[in-house]
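Working through the structure, step by step
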Amino acid sequence: MSDVLFHTSGHAAHITLNRPKALNSLTHEMVLRIDEALTEWEHDPAVEVVVVTGEGERGLCAGGDIRAIHDDARDTGGTASAAFWRDEYRLNARIARYPKPYAAVMDGIVMGGGVGISAHGSVRIVTDRSRVALPETGIGFVPDVGSTYLLALAPGELGTHLALTGTPVDAADALLCGLADHYVPSASLRPLVEDLAELPVREALGRHVQDPPPGKLAGRRDWIDACFSADTVEDIVERLHAQDAPAATETAKTLLTKSPTALKVTLAALRRARRLGSLERVLDQEYRVSRACLRSPDLVEGIRAQVIDKDRDPRWSPATLGDVTDADVERFFTPLGEREPGIIAVPDTTEEVVW
């Protein structure tokens, strides 16, 4: 069967990611087919809402196919990965500006590229099973798919915390961080999807949306904001160690397991994203950073350690935060040159989706 399925029911058009054995991880072909479907439905008056779900019990989407990225970066320098990211980021921007309601059901695991295909939508639904994460620093990569735009908008320094640590968050914390809009118990998802086919979106949601169980991040805002507002990753770690909260100490330990280069580049990317303004400009920056990651030894090594060999013992290069210089970080933001200008045009206006 196809890796992504399309069908319509009532006035709803459905996208179903269909690689359950790979936790619905995205391929380049899937991205292109989704874009084609969105084009068709945009101009189809019978389609009033697009609904995105994932096949299987584990989650919506674990991100891009990082095994393929590992092999491509190792063997060919990442040509295929760069092409994939270019089209994926364009799709992320399109989802954010789609003129019809785009309802993403963020049930189960939603990581990396899964965030990109869901959290830019106009209707973002989390459940009691949701685990939303940007775990890229753990594989020597940097949060992408427009996530640095979203995380830069999160309250205080919550976005910095999530980007650097890769910590998965539940429904309440995803709502708090601005990665989702509505909580619906997983047991109510089938009735919700059925109602979306027949009812206006607001009415369908009104039948099923509830208050989520409490999360953790709201109670940790004091030390998260105090520590992650530091100017450098080294200072963040130092501030975390100075806190009395055991969770802060554990967070410091977590950071020191990540790629030092990825941590520093991620912090710089987030700080710059706050000044860039539009999602498209941030995606353009992420594309430059992602391309540079293909030339960094940490991406191949991180995927090897976490996914290929699963020894969980990456050998980062440089090995410590102190060994990563400002010049090392700056190289990740170098413009691509005249042959490859910005990948996404910035619209003059933004039209709000009304539903």
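I will try to describe carefully the structure that is included in this document. (Residues numbered from 1 in each chain as written. Predicted model: local features only at pLDDT ≥ 70, side-chain atom pairs only at ≥ 80, totals over all residues. Heavy atoms only, no water.)

This part is about the nonpolar core. Generally speaking, soluble globular proteins have nonpolar side chains that are buried together. Ile-15, Leu-17, Leu-38, Trp-41, Met-106, Phe-228 and Leu-240 are the most contacted members of the largest nonpolar core, which totals 88 residues. The leading source of residues in this core is helix 3 (residues 79-96), at 7 residues. Residues in contact with Trp-41, not counting those within four places in the same chain, are Phe-6, Thr-8, Ala-13, His-14, Ile-15, Val-47, Val-50, Tyr-98 and Lys-100. With 16 residues, the next largest nonpolar core counts Val-49, Val-123, Ile-125 and Leu-196 among its residues. (Core = buried A, V, L, I, M, F, W, Y, C linked by side-chain atoms within 4.5 Å. Buried < 20%, exposed > 50% of the residue type's maximum accessible area, 1.4 Å probe, protein only. Helix = DSSP H or I, 4+ residues; strand = E, 2+ residues; numbered from the N terminus. Contact = heavy atoms within 4.5 Å.)

Strands sit in the order 4-6-8 across an open sheet of 3 strands; the sheet is parallel. Unpaired on one side and paired on the other, strand 4 (59-61) and strand 8 (131-133) mark the two borders of the sheet. Going across the sheet, the axis of each strand differs from the next one's by a mean of 15°, ignoring polarity. The pairing of strand 6 (residues 109-111) with strand 8 spans 3 bridges and is classified as parallel. Counted as the bridge partner of Met-111 is Ala-133 from strand 8. (Pairing = 2+ DSSP bridges. Axes fitted to C-alpha atoms, helices over the stretch in contact; angles between N-to-C directions.)

On the secondary structure map, Ser-290 appears in helix 14 (residues 279-293). Leave out the neighbours within four places in its chain, and Ser-290 touches Trp-85, Tyr-89, Phe-141 and Asp-144.

This next bit is on the sheet that holds strand 7 (residues 123-126). Ordered by their spatial adjacency, 6 strands build an open sheet running 1-2-3-5-7-9, and the pairing between neighbours is mixed. Here the strands that pair on one side only, and so sit at the sheet edges, are strand 1 (4-9) and strand 9 (182-183). Pairing analysis gives 4 bridges linking strand 5 (residues 102-106) to strand 7, with the strands arranged parallel. In the sheet register, Ala-104 faces strand 7, and the bridge partner there is Arg-124.

Now for the packing of helix 6 (residues 158-165) against helix 10 (residues 221-228). At a closest axis distance of 9 Å, the pairing of helix 6 and helix 10 adopts a crossing angle of 75°. Taken together, the axes of helix 6 and helix 10 are roughly perpendicular relative to one another. For the pair formed by helix 6 and helix 10, the contact residues are Leu-158, Thr-160, His-161, Leu-164 and Thr-165 on the first element and Arg-221, Ile-224, Asp-225 and Phe-228 on the second. The residue inventory of the contact of helix 6 with helix 10, partitioned by class, reads 4 nonpolar, 3 polar and 2 charged. (Parallel < 35°, antiparallel > 145°, perpendicular 65-115°, else oblique. Nonpolar A, V, L, I, M, F, W, Y, C, P; charged D, E, K, R; others polar.)

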